[in-house]
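A closer look at the structure
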Amino acid sequence: SQTIHQWPATLVQPVGSPLSLECTVEGTSNPNLYWYRQAAGRGLQLLFYSVGIGQISSEVPQNLSASRPQDRQFILSSKKLLLSDSGFYLCAWSEGRYEQYFGPGTRLTVT
Amino acid sequence: GENVEQHPSTLSVQEGDSAVIKCTYSDSASNYFPWYKQELGKRPQLIIDIRSNVGEKKDQRIAVTLNKTAKHFSLHITETQPEDSAVYFCADQFYFGTGTSLTVIP
């Protein structure tokens, strides 16, 4: 069966520091991969999605970037965090453009 | 598929009553509409979905209806139970509504 992992589970970082969040999927090949951010008490904002290695589409221009170095690995990065980057970051995968399955999430607090 | 409006933002019902959440979308080419349930501090989980070639789908106490002409779709939960309390999100493929916080009062 397929599983999706995210780490770390929680992270506290100072303003201006770099960020690297990792997501990996097991049990499937060539999944579509997604990064979402959820601010406290808010909805899910699609940040990036990828249909294959090296193929990244950005939905929201900001100080975040994403990379897909391997088929089942998706990384979210920032060179300098802002206070507004705080939130719950969720990775998801899908086969094709239908059902999405979410990872456990990373709770990021920028101080 | 980026503009998804969801109402109401909060909903309280008595246990056993029905709950209805409504969403509208703007892209006439959209063809997949999932609904997710998110409990506090947890990941969203798919509870039901509908594709554009059908108008209604049911799964036990949960049903979803789709009106392509009007570009709106709705989630119906019947015989609500306290464990139905959560935040519910509609989506137009990957683009999410703002969520509805449902509270079922015992």
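Figured I'd write up the structure that's included with this text. Since the structure is predicted, the reported quantities are computational estimates derived from the model, not experimental observations. (Residues numbered from 1 in each chain as written. Chains lettered and ligands numbered in written order. Predicted model: local features only at pLDDT ≥ 70, side-chain atom pairs only at ≥ 80, totals over all residues. Heavy atoms only, no water.)

1. Things to note about the state of the cysteines
All names here are of chain A.
- All chains considered together, the criterion is met by two disulfides over all chains.
- The disulfide bridge from Cys-23 ends at Cys-91, spanning 2.0 Å between sulfur atoms. Because the sign of the S-S torsion sets the handedness, a value of about -75° for the bond joining Cys-23 and Cys-91 places this disulfide among the left-handed ones. Taken together, the residues span a long stretch of sequence, with Cys-23 in strand S3 (residues 19-26) and Cys-91 in strand S9 (residues 87-94) at a distance of 68 residues. (Disulfide = S-S within 2.5 Å. Helix = DSSP H or I, 4+ residues; strand = E, 2+ residues; numbered from the N terminus.)

2. Thoughts on the pattern of salt bridges
Residues and elements named next belong to chain A.
- Overall, the coordinates contain six salt bridges over all chains when judged by the stated rule.
- Here Arg-37 makes a salt bridge to Asp-85, at a shortest N to O gap of 3.4 Å. Taken together, the residues span a long stretch of sequence, with Arg-37 in strand S4 (residues 32-38) and Asp-85 in the loop between strand S8 (73-78) and S9 at a distance of 48 residues.
- Residue classification places Arg-37 among the buried residues on the basis of a relative accessible area of 11%. (Salt bridge = Lys/Arg side-chain N within 4 Å of Asp/Glu carboxyl O. Buried < 20%, exposed > 50% of the residue type's maximum accessible area, 1.4 Å probe, protein only.)

3. Quick notes on unusual backbone geometry
- Residue Pro-8 of chain A is reached from Trp-7 of chain A by a cis peptide bond, and omega for that bond is 0°.
- Tracing the backbone shows Pro-8 of chain A in the loop between strand S1 (3-7) and strand S2 (10-13).
- Here the bond from His-7 of chain B into Pro-8 of chain B is cis, since omega is -5°, no more than 30 degrees from zero.
- Positive phi values are uncommon outside glycine, yet Gln-60 of chain B reaches one of about 60°.
- With respect to the helices and strands, Gln-60 of chain B occurs in the loop between strand S6 (56-59) and strand S7 (62-67).
- Backbone geometry at Glu-79 of chain B places phi at a positive 45°, although glycine is not the residue there.
- Within the secondary structure layout, Glu-79 of chain B lies in the loop between strand S8 (72-77) and strand S9 (86-92).
- Its relative accessible area of 54% is what places Glu-79 of chain B among the exposed residues.

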